[in-house]
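Here is what each chain is made of, one letter per residue.
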Amino acid sequence: MASRLEAPAEGLLLVGRRPPLGEYLAEAWRRRRFAATLASHRLIGSLLQNRLGVLWIVLKPLFTATIYGAIFGVIISGAARPDDWVPYLIVGVFVFEFFTGCFGNGARAITGNAKLVQSFGFPRILLPLAVVIEQTLRLIPIILLLGVLLLVFGVPITWSWLLVVPILAMMALFNFGVALIVARLSVWARDVQQFIPTVTRILFYASSIFFQVDVIFADNPVLLTIAHLIPTYDFIALVRDAMMVGHPAPLLAVVAAPVWALSMFAFGVVYFWKAEAKYGLSD
C-alpha cells in the first residue's frame, strides 16, 4: 500500500503532497490546456443559462456605468469631473470589471471545486488560472464595446489603442496573483469571501472611476501619492492614457503598474504553492 501511495499514476500528483516549486510550475504548464478548457466550458455554461447569452457580458458593465453615471453625474461637478466625463467613466467601470471578476471568483476557485480537488491529483494553481482565463475571455467583448462607445462619444481612434492589449495582459498577471492569494485565504477561512464585496467597493471608489484624483488631492501630495499607488487605479489610468486624449497617466502609475503585476504574481504563486498539500484535504 505504501509503495502504491508513493508511486502515483504517470501524469498525476499525489493528493496531500507539495512538490518542489519548479516541478510544480512545470507540471502546471504541461496541464495548461486543462485550465483553458475548464474556463471555456464554464463561460459557455454560464451563457447558456441566460436567454441573452453573450449580451449579458457587455450589458452588466454597461448597466453599472449607466447607474453610477446617473447618480454621480449629479453629485460630482466642477473640475473634479472632466469635460469628457462619460468616456472617462466608461473606461473606469469597464476595466475595473476585469479585476472584480478575478477577485470575487478567485476566492471560490478552490472551495467551489471541492469534489474536483479532493478526487484528482493535479496542480491546484490551475483552478485560479482558469478563473483568470475565463474573465479574460469575458473581457474581449467588453473591450470591443468600449472602443465602439468611445467612438460614439467622439474619442478619436489612434495607434495608442493597441497599447491596451499589453496593459490588460499586465493587469491579468496582477489579477492572477490576487486570485491565488484569496483562493488560499478562503480555504483557510471561508469568512474571507464575505469581505470580498466590501474590499471591491472600497477599491471601486478609490480608483478614480468617477473623479480626477489629481484635482481632488491637488493640495494634498501625500493622499495624491497614495491614490497613484492603488493598483486598480494604475491600470485604469494606463488604459485611459492609451485610449483617451488629455488624460496622461502619472509617472508613478506608469512605474507602479508593472511592479504591482510582477510582485503580486510572484508572491501569489509562492503563497498559493506553500499550501498545495492542504487543498486536497479541505472540506
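Residues numbered from 1 in each chain as written. Predicted model: local features only at pLDDT ≥ 70, side-chain atom pairs only at ≥ 80, totals over all residues. Heavy atoms only, no water.

1. Description of the environment of Y279
Right, so step 1: Within the element layout of this structure, Y279 appears in helix α14 (residues 276–279).
Right, so step 2: Residues Y279 and R124 lie 155 residues apart in sequence; the distance between their C-alpha atoms is 7.5 Å.
Right, so step 3: Residues contacting Y279, with those up to four places away along its chain left out, are I110, V117, R124, R184, V187 and F272.
Right, so step 4: For Y279, the side chain forms a polar contact with the main-chain oxygen of F272, separated by 2.8 Å. (Helix = DSSP H or I, 4+ residues; strand = E, 2+ residues; numbered from the N terminus. Contact = heavy atoms within 4.5 Å. Polar contact = N/O pair within 3.5 Å; in protein donor to acceptor, adjacent residues only side chain to side chain.)

2. Description of a nonpolar patch on the surface
Right, so step 1: A surface patch of nonpolar side chains, about 390 Å² in accessible area, is lined by W56, F63, I67 and I71.
Right, so step 2: In this structure, I71 sits in helix α4 (residues 55–75). (Patch = residues over 30% accessible without salt bridge, like charges linked within 9 Å, V, L, I, M, F, W, Y side chains within 5 Å. Areas by Shrake-Rupley, 256 points an atom, 1.4 Å probe, with all protein chains shown as cover. Salt bridge = Lys/Arg side-chain N within 4 Å of Asp/Glu carboxyl O.)

3. Here we look at the pattern of salt bridges
Right, so step 1: Applying the stated criterion across every chain yields a total of three salt bridges.
Right, so step 2: With its nearest N and O atoms 2.5 Å apart, the salt bridge here joins E27 to R31.
Right, so step 3: A salt bridge links E134 to R138; its shortest N-O distance comes to 3.3 Å. With E134 and R138 both in helix α7 (residues 126–152) and four residues apart, this pair spans about one turn of that helix. For the pair shown, E134 and R138 are each scored as buried.
Right, so step 4: Linked by salt bridges that have partners in common, E27, R30 and R31 make up one network. (Buried < 20%, exposed > 50% of the residue type's maximum accessible area, 1.4 Å probe, protein only.)

4. Regarding the confidence of the model for the chain
Low pLDDT means the predicted coordinates in that region are not meant to be read closely.
Right, so step 1: Looking at the chain as a whole, its pLDDT mean stands at 85, while 87% of the residues score no less than 70.
Right, so step 2: When the criterion is pLDDT under 50, residues 1–11 qualifies, and its contacts beyond four places in sequence or with other chains add up to five contacts. (pLDDT = per-residue confidence, 0-100.)

5. Focus on the packing of helix α2 (residues 21–30) against helix α13 (residues 251–274)
Right, so step 1: Look at α2 against α13: their axes get within 11 Å of each other, and the N-to-C directions meet at 100°. It follows that α2 is roughly perpendicular to α13 by the angle criterion. Judged by residue contacts, L21, Y24 and L25 of α2 engage V269, V270, F272 and W273 from α13.
Right, so step 2: Across the contact of α2 with α13, the residue classes break down as seven nonpolar, no polar and no charged. (Axes fitted to C-alpha atoms, helices over the stretch in contact; angles between N-to-C directions. Parallel < 35°, antiparallel > 145°, perpendicular 65-115°, else oblique. Nonpolar A, V, L, I, M, F, W, Y, C, P; charged D, E, K, R; others polar.)

6. Observations concerning unusual backbone geometry
Right, so step 1: Although it is not a glycine, S208 adopts a positive phi angle of roughly 60°.
Right, so step 2: As for its placement among the helices and strands, S208 is situated in the loop between α9 (192–206) and α10 (213–216).
Right, so step 3: S208 gets classed as buried once you look at its relative accessible area, which sits at 1%.

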